[in-house]
Amino acid sequence: MPDIAEAKRKKISPSSLAQMKLDGVKIVCLTAYDSLMASLYGGLVDVMLVGDSMGMVRHGFATTHHVDIDMMELHVASCARAKGTALLVGDLPFGSIELGPEQAITNAVRLIRAGADAVKIEGGIKRQDVIQAVVNAGIPVMGHVGLEPQHILMTQSFRSVGKNDGEVQSVVADALAVENAGAFAVVVEAVRFNLSTQLEAAVKIPTIGIGAGPLCDGQILVAEDMLGFFEGNPKFVRRYAELGHLVQEAVTRYADDVRSGAFPSEKESYQ
Ligand code: KIV
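Computed from a predicted structure; not experimentally measured.

*Asks:* It is not clear to me how the packing of helix 5 (residues 69-80) against helix 6 (residues 101-113) should be interpreted in this structure. Could you clarify?
*Replies:* When two helices pack together, their arrangement is captured by the angle between the axes and the distance separating the axes. Look at helix 5 against helix 6: their axes get within 8 Å of each other, and the N-to-C directions meet at 25°. When the interaxial angle is binned, helix 5 and helix 6 end up roughly parallel. Handedness of the helix 5/helix 6 crossing: right-handed. Across the interface between the two elements, Ile-69, Asp-70, Met-72, Glu-73 and Val-76 from helix 5 touch Asn-107, Arg-110 and Leu-111 from helix 6. Of the residues belonging to the contact of helix 5 with helix 6, the class tally is four nonpolar, one polar and three charged.

*Asks:* Could you clarify how one ought to interpret the environment of Leu-199 in this entry?
*Replies:* Counting through the fold element by element, Leu-199 comes out in helix 10 (residues 193-202). The class for Leu-199 is buried, based on a relative accessible area of 1%. Residues Leu-199 and Val-168, spaced 31 residues apart in sequence, show a C-alpha to C-alpha distance of 8.8 Å. Beyond its immediate stretch of four places on either side in the chain, Leu-199 contacts Val-171, Val-172, Ala-175 and Val-188.

*Asks:* Teacher, can you tell me more about the domain arrangement of the chain here?
*Replies:* By a widely used convention, the size of an interface equals the accessible area lost when the partners come together. Domain boundaries assigned for the chain yield domain 1 (4-240) and domain 2 (242-271). Between domain 1 and domain 2, the residue contacts involve five residues of the former and five residues of the latter. Of the roughly 420 Å² buried where domain 1 meets domain 2, counting both sides, 47% is carbon and sulfur surface. On the domain 1 side of the interface with domain 2, the three residues burying the most area are Leu-227, Phe-229 and Arg-239, jointly 66% of the side's total. Joining domain 1 to domain 2, the criterion identifies one salt bridge. One salt bridge connects Glu-242 with Arg-239, and the closest N-O pair in it is separated by 2.9 Å.

*Asks:* It is not clear to me how the pairing of strand 8 (residues 218-221) should be interpreted in this structure. Could you clarify?
*Replies:* Both faces of the sheet carry side chains from a regular strand, because those side chains alternate between them. Across four bridges, the pairing between strand 1 (residues 27-31) and strand 8 is parallel. Residue pairing across strands places Cys-29 opposite Ile-220, the latter belonging to strand 8.

*Asks:* Is there a simple way to think about the site of the ligand in this case?
*Replies:* As a matter of local geometry, the ligand sits amid Thr-31, Leu-49, Gly-51, Asp-52, Ser-53, Asp-91, Lys-120, His-144, Val-187 and Ile-210. A distance of 3.3 Å separates an oxygen atom of the ligand from a polar side-chain atom of Asp-91. Protein chains shield 95% of the accessible area of the ligand, which is 260 Å² for the free molecule. Tallied by class, residues from the shell around the ligand come to three nonpolar, four polar and three charged.

*Asks:* Sorry, what's going on with the side chain of His-65 here?
*Replies:* Looking at the element boundaries, His-65 is found in the loop between helix 4 (54-57) and helix 5. By relative accessible area, which is 13% here, His-65 ends up buried. Engagement of the side chain of His-65 in a polar contact is seen with the side chain of Thr-63, the distance being 2.9 Å. Side-chain polar atoms of His-65 contact the backbone oxygen of Gln-150, separated by 3.0 Å. For His-65, the residues in contact, after removing those within four places along its chain, are Phe-94, Pro-149, Gln-150, Ile-152 and Leu-153.

About the cut-offs
- Residues numbered from 1 in each chain as written.
- Predicted model: local features only at pLDDT ≥ 70, side-chain atom pairs only at ≥ 80, totals over all residues.
- Heavy atoms only, no water.
- Axes fitted to C-alpha atoms, helices over the stretch in contact; angles between N-to-C directions.
- Helix = DSSP H or I, 4+ residues; strand = E, 2+ residues; numbered from the N terminus.
- Parallel < 35°, antiparallel > 145°, perpendicular 65-115°, else oblique.
- Left-handed = near helix turned anticlockwise from the far one by under 90°.
- Contact = heavy atoms within 4.5 Å.
- Nonpolar A, V, L, I, M, F, W, Y, C, P; charged D, E, K, R; others polar.
- Buried < 20%, exposed > 50% of the residue type's maximum accessible area, 1.4 Å probe, protein only.
- Domains from an automatic or database assignment.
- Buried area = accessible area lost by both parts, 1.4 Å probe.
- Salt bridge = Lys/Arg side-chain N within 4 Å of Asp/Glu carboxyl O.
- Pairing = 2+ DSSP bridges.
- Near = heavy atom within 4 Å.
- Polar contact = N/O pair within 3.5 Å; in protein donor to acceptor, adjacent residues only side chain to side chain.
- Areas by Shrake-Rupley, 256 points an atom, 1.4 Å probe, with all protein chains shown as cover.

So this is what it looks like as structure tokens:
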């Protein structure tokens, strides 16, 4: 049962992830955006990420650019109330770090005060100074390299990275910049197998893959993707449930019962 497993688990910290890498234990990460979901698996995973993917998954936006620090703060606080033993990481969204270290520290502090244990910052070499400043302020940072959804206005593409030598070198350099800036782990998104092989050889901090193959030290997926809430999924997603269909089936039965008068019954009424 989840609560027994949770009682036995120790609170995960950034240094637990380093130890897991040393011990060859895979790191399990999943997104969560609110306390309902966090309460279901905060004791079952190692890291819960309140990702800015929340803008697309829960608010219906086409990209992550519409998520601001106020939205992040609200969702981090919601997850924090039920985070269990998981390390809770809050994404610093588009527009919250671009002005430089001061802005990044101010916004990272907001997410920590909302209940995050660490923050995630997207971008490699171009964000090295910002990551370093946030780490120096005493806030653990997870990096994010490879496909960078906050930068797709520039790249205009969600395609995988690592097609040629230039791309491989540049992502490896990004990951090393993140490591040198003091990040405790790095998310590696949508990179081809040749690139992930080179990353594993070059980087010492734990790598958390999403669409980056089996070599990474851990894996992350968007919870709603793996739980089957959407019709289609990217190639790298494995579906472990079909909750979208279950919800529709349950609501259809409820609607039929209300319309036919079968719900509520006398048993479900106060006498
Ligand atoms: O925002 C997010 O959920 C992420 C993951 C996809 C890694 O950055």
